[in-house]
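# Structural overview
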Amino acid sequence: MSDPHANLPYRPCVGVMLVNAAGHAFVGRRIDMRETLGETEADFWQMPQGGIDDGEDVREAALRELWEETGVREHHVTLLAQTREELLYDLPDFLIGKMWGGKYRGQRQHWMLARFSGSDSDIDLAAHNPPEFSEWRWVDPLTLPDLIVPFKKRVYRAVLDEFRDLI
C-alpha cells in the first residue's frame, strides 16, 4: 500500500540552538502542544524554530524566529554555525492534515547555533502576539533529545552532534 502523504512537500524551516555563556540551551514549552498532541503528551520542550518566509534567507529567518518566539534581539546574539545539510522529519500520521493547513508531510530544517550575550531579562515570550511558548528555561544540551516530541528526536540528536564542540 502506498503512502497517501508521499507527494506532500516538506515545509522549509529554520531552527535556532540558542546557548548562553554557561553552555546551556534555551528551550520553551509550546502553548499549543496540549491541543495538538493531547493532554498526556503535552510536556515537551523545544528550541525556537519556524518557517522560512518567501524571499528570506536562513540567517534572516533564524533571527526573525528567535525574536518572535523569545523576544531576543539580534544585538544579543552571535550566529556561530549552521548545519551542513538540511535535516528532515516527517509528522506522525495523526498530525498530517492538522498542521500547516495540511500542505506538508513534515519539515526540512536548517539549524543555526547562536550564542546569547544578553541577560535573562532580555527574554520576552510575549514579544510576539500570540506568544508561542508558555514558559522557558536553560538546559544542559545533552538533555535536548529527551525533552522534544518523539518524532523530532533524531533531528535534535543530529543538531547536538554537529554543534557539540562549539557549544
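Overview of the structure. (Residues numbered from 1 in each chain as written. Predicted model: local features only at pLDDT ≥ 70, side-chain atom pairs only at ≥ 80, totals over all residues. Heavy atoms only, no water.)

## Thoughts on unusual backbone geometry
Following N129, the chain continues to P130 via a peptide bond in cis, the omega torsion being 5 degrees. Here P130 is to be found in the loop between β7 (106–116) and β8 (133–139). In the Ramachandran plot, W100 falls in the positive-phi region, its phi being about 55 degrees despite a non-glycine side chain. Counting through the fold element by element, W100 comes out in the loop between β6 (87–90) and β7. (Helix = DSSP H or I, 4+ residues; strand = E, 2+ residues; numbered from the N terminus.)

## Description of the nonpolar core
Counting residues in hydrophobic clusters, the biggest one holds 25 residues, and the most contacted among them are M17, M47, W111, L144 and V159. Secondary-structure elements contributing two or more residues to this core are β1 (10–19), β2 (25–30), β6, β7, α3 (144–147) and α4 (153–163). When residues in this core are grouped by element, the largest group, 5 residues, is from α4. Filtering out sequence-adjacent residues up to four positions away, V159 remains in contact with M17, M47, L87 and W111. By size, the runner-up hydrophobic cluster in this structure holds 19 residues, among which are V16, L63, V77 and F116. (Core = buried A, V, L, I, M, F, W, Y, C linked by side-chain atoms within 4.5 Å. Buried < 20%, exposed > 50% of the residue type's maximum accessible area, 1.4 Å probe, protein only. Contact = heavy atoms within 4.5 Å.)

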